[in-house]
Each structure stands twice: as structure tokens, then as C-alpha cells.
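Descriptive analysis of the structure
The primary structure of each chain is shown beneath.
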Amino acid sequence: MVLNAIFGLFSQDLAIDLGTANTLVLVLGKGIVVREPSVVARHRKTKRILAVGSEAKRMLGKTPVTIEAFRPLRNGVISDFDAAYAMLEYYIKETHQQAHPNPLHPRTWFAKFPRPRVIVGIPSGVTEVERRAVWEASLEAGAREAYLIEEPMAAASGVGLPVEASTGSMIVDIGGGTTEMAVISLGGIVVNRSVRIAGDEMDETIIKHVRLRHSLLIGNPTAEEVKLTIGTAYPVGKETATVIRGRSLETGLPRSVKVSTGEIREALALVTNQIIEHIKELIEDIPPELVGDIMENGIHLAGGGSLLVGIDKMIAEQTKMPVVQTKDPQTAVVRGAAKVLQNKKLLEKVKITGGLN
Ligand code: ADP
Ligand code: MG
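First things first, this report covers the structure right here in the doc. (Residues numbered from 1 in each chain as written. Chains lettered and ligands numbered in written order. Predicted model: local features only at pLDDT ≥ 70, side-chain atom pairs only at ≥ 80, totals over all residues. Heavy atoms only, no water.)

Bringing the overall build of the protein into the picture now. For the protein, the helix and strand inventory stands at 13 helices and 16 strands. Computed over C-alpha atoms, the radius of gyration of the protein comes to 21 Å, within 12% of the 21 Å expected from 2.2 N^0.38 for 357 residues, which places it in the range of a compact globule. In terms of principal-axis extent, the alpha carbons of the protein reach across some 70 × 55 × 35 Å. Burial statistics for the protein: of 357 residues in total, 51% are counted as buried. (Helix = DSSP H or I, 4+ residues; strand = E, 2+ residues; numbered from the N terminus. Rg over C-alpha atoms; globule rule 2.2 N^0.38 Å. Buried < 20%, exposed > 50% of the residue type's maximum accessible area, 1.4 Å probe, protein only.)

Read from one edge to the other, the open sheet built from five strands follows the order S3-S2-S1-S7-S8, with strand pairing classed as mixed. Two strands lie at the open edges of the sheet, namely strand S3 (31-37) and strand S8 (145-150), each paired on one side alone. Here the average twist between neighbouring strands, direction ignored, is 15°. Looking at chain direction, strand S1 (residues 14-18) and strand S2 (residues 22-27) are connected through five bridges and run antiparallel. Within S2, the residue paired with aspartate 17 across the bridge is leucine 24. On the sheet, helix H12 (residues 332-342) packs against S1, S2, S3, strand S7 (117-122) and S8 and is oriented at approximately 145° with respect to S1. (Pairing = 2+ DSSP bridges. Axes fitted to C-alpha atoms, helices over the stretch in contact; angles between N-to-C directions. Contact = heavy atoms within 4.5 Å.)

Time to look at the packing of helix H7 (residues 199-214) against helix H8 (residues 220-230). At a closest axis distance of 8 Å, the pairing of H7 and H8 adopts a crossing angle of 100°. With respect to each other, H7 and H8 are oriented roughly perpendicular. Contacts between H7 and H8 involve Gly199, Met202, Asp203, Glu204, Ile206 and Ile207 from the former and Asn220, Ala223, Glu224, Val226 and Lys227 from the latter. For the contact of H7 with H8, a count of residues per class yields five nonpolar, two polar and four charged. (Parallel < 35°, antiparallel > 145°, perpendicular 65-115°, else oblique. Nonpolar A, V, L, I, M, F, W, Y, C, P; charged D, E, K, R; others polar.)

Let us now look at H7. Helix length check: H7 (16 residues) gives 22 Å between terminal C-alpha atoms against 22 Å at 1.5 Å per residue, within 8%. Residues of H7 that are buried include every one of Gly199, Asp200, Met202, Asp203, Thr205, Ile206, Ile207, His209, Val210 and His214, and no others. Against strand S9 (169-174), strand S12 (216-217), H8, strand S13 (241-248), strand S14 (254-260) and helix H9 (261-285) lie the buried residues of H7. Serine 215 sits one or two residues past H7 and shows a positive phi near 50°. (Expected span 1.5 Å × (residues − 1).)

A complete count under the given rule lists one aromatic pair for this structure. Judged by centre distance (5.2 Å) and plane angle (75°), the rings of tyrosine 90 and tyrosine 91 are edge-to-face. (Phe/Tyr/Trp six-rings, centres within 6.5 Å; stacked < 30°, edge-to-face > 60°.)

This part covers the pairing of S14. Looking at chain direction, S13 and S14 are connected through seven bridges and run antiparallel. Paired with glycine 246 across the two strands is arginine 255, which belongs to S14.

This paragraph deals with helix H11 (residues 311-319). Along an α-helix, a turn takes 3.6 residues, which lines up residues three or four apart on a common side. All of the buried residues along H11 are Ile311, Met314, Ile315 and Thr319. Around the axis of H11, the buried residues are gathered within 110° of arc, so they sit on the same side. Where the residues of H11 are buried, they touch S9, H9, strand S15 (299-302) and strand S16 (323-324). Lysine 320 occupies a position one or two residues after H11 and carries a positive phi of about 60°. (Arc of directions from axis to C-beta.)

Given below as C-alpha cells:
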């Protein structure tokens, strides 16, 4: 107890959002210190990790045969343990060191001792074995205590929903690889769903559209760029167009074409409609005593995909429920996880143990 209290004075606890697209780290009492793509680059043969984060992302699709750059959590499951471990270790160590920039500061002298408490938000589709791996990885990477929390719970807490109250709260977190949706009440997940349709699928549908309609081959970065610049889910504001460059399927040579807001919206609808179908299915599963709460308080959105213009309107129209866009949706999970780490009672309730801790 006493020892823990002393450690607590010096250590800087961490909340980590191990997202399919982006990894965020928040140092308690300090704020978000890492916000980087969840990408790892490593040597194909020796498996040596060469880069993590933005540096690794720059290598995506451009790697020579000896290097592979990939996203270890792409589909909301940990497809590569070693890489996920490397990422976690890298960020825990890096932020822990960052916490002691001054060599004369007492924190530096105790650098080995005040190991942080760490809470990691993981997609709810992650299996038991994968959870154990993340938990062990956190401890091995230097955490004094490690906790896991399901992303929808963290996201709900992050957007300020009263997760401990008996009121029902609904959160839909549209990320890169997965959309996580849940109804929460009394500090627990009442019903939830994790589907592999989110931002990445939106990029894929744009690639397909441009190939079929314009016979142009484009890569994922270009498709994402199109989505971010002119992507909409619902006609709002002025219709525009943008010019994109790719490789002609007919000649094999570079070519540019103009794509309009309308056609991109049409392509995106193939994905947004699927997401909404899943939301509707979840709504059907909500116990009747909680449906009224959701109708009154609305469906709250989080995740980068919720930034798609007009997606709130589209969901509201099709589900007949009010929809609430939240501020800074991409940091909701990490902020929520940090909140939970500071709330002893809630932490005990929501931490995923699965026989772990
Ligand atoms: P994850 O939690 O799975 O790591 P994020 O919540 O960080 O994912 O969201 C990443 C996804 O959000 C990406 O597919 C990205 O293209 C998308 N995204 C980010 N900003 C926008 C935007 N303004 N409009 C549409 N999509 C966006
Ligand atoms: Mg996320």
C-alpha cells in the first residue's frame, strides 16, 4: 500500500487506445502525447522491427521486398502478436521516458521504479488469447499494473455519457477497421456488436468505384484523401468535385479524372448503409426498458469515421433516433480509458479480466 502510494507519486499512468488505424497514448495529468498510425514496419526475414507509427506508415505500399509494413490490428483482431507487442512496448517505453526529460529531476533517478499503471482500450472482438497477449505485453513493456477495457465502454465514457447510471446510453464508434456499437447501463455493456465495416471499407469502395466508373487504378491513400476532402454520407451544402490521379487501366499510364461529390456519396452509401443496418439490428436487441432512454438521449458517435460529413443525419433518418456528434471523436477512447483508470470503482467493474488479473 505505502509502497504503491510512493510509486504513485512519481509514476505517470498511461491510457492507450490500440486502434485499428491509430494508436493514442495519454499520460494522466499531462494529456495526449502519442497520436500515430497503428503501423509497424519490419524486416521480412529477420523480423526485426524497423519502424513504428508515422515512419512505418510512410513505408506502406512502398516497401522493398525485404521490408514489410502493415497494420497489426487491421480487422479488430490482433493478426500479428509480435508486431502488436512491439507497438505497445515502443509506446509505453517512449512515453515513459518522455515523462522524464530532465536528467536532474527525481523522476529520472527513480526511472526504473515508478513504472506506470496502464489501461489499454482494445476492440471488443478481440479473443481471450489476444487479450491475454495484450495484457502480458503491457506488463512486459514496463507497466506496474495493466488493465484492459473494451473500446465501446471507453468511448462512451470519453464522450461523457453517464456510464455508471441506470440510464441506457448508446455509442457507435466508427474506426478504421471496425465499427463498435454498444448500449451501456450501470457500468456494464448491455448489448454490443463489433463489425468489420468502417473507414477502411469506405476507402475500398472508392477504389472500386473509380476503377469501374473511370477505369482508373488508385491506391488506399488516394482513396482516403478523396473521402476526407469530398466524402459525404448525406447531401449537405454545395456539391463539388476533385481531380484525382492514378493509373489508367486501359493504357497503363498515369491519368487524372474528375470525381464529383455525388458519385462518391453513391459509392460510400454501399458502406454507410451496411453500418446503419448493423445499428438497426443492435437497436432491435435493446431491452425495452432502455429503448426509451436511447430515444431521449440519442445515439452518440465516436471514432474517425463519424467525421464523414452527414453521417449523423443519415443515421438519424434511417433509425428514427436522435444522433449526437461528439467533440473530438477520435480521442474519445483514450480520454475515456484515462477517466476509468482514475475511477477505482468503475475500473473494478469494467476491467476485462477473463481470468487475467
Ligand atoms: P481506429 O480507432 O480504428 O484506430 P479511428 O477512430 O482513428 O480508427 O478512425 C480512423 C478512420 O477515420 C480512418 O478510416 C480515417 O480515414 C477516418 N477519418 C478520419 N477523419 C475523417 C473525416 N474527416 N471524414 C471521414 N473519415 C475520416
Ligand atoms: Mg477506435
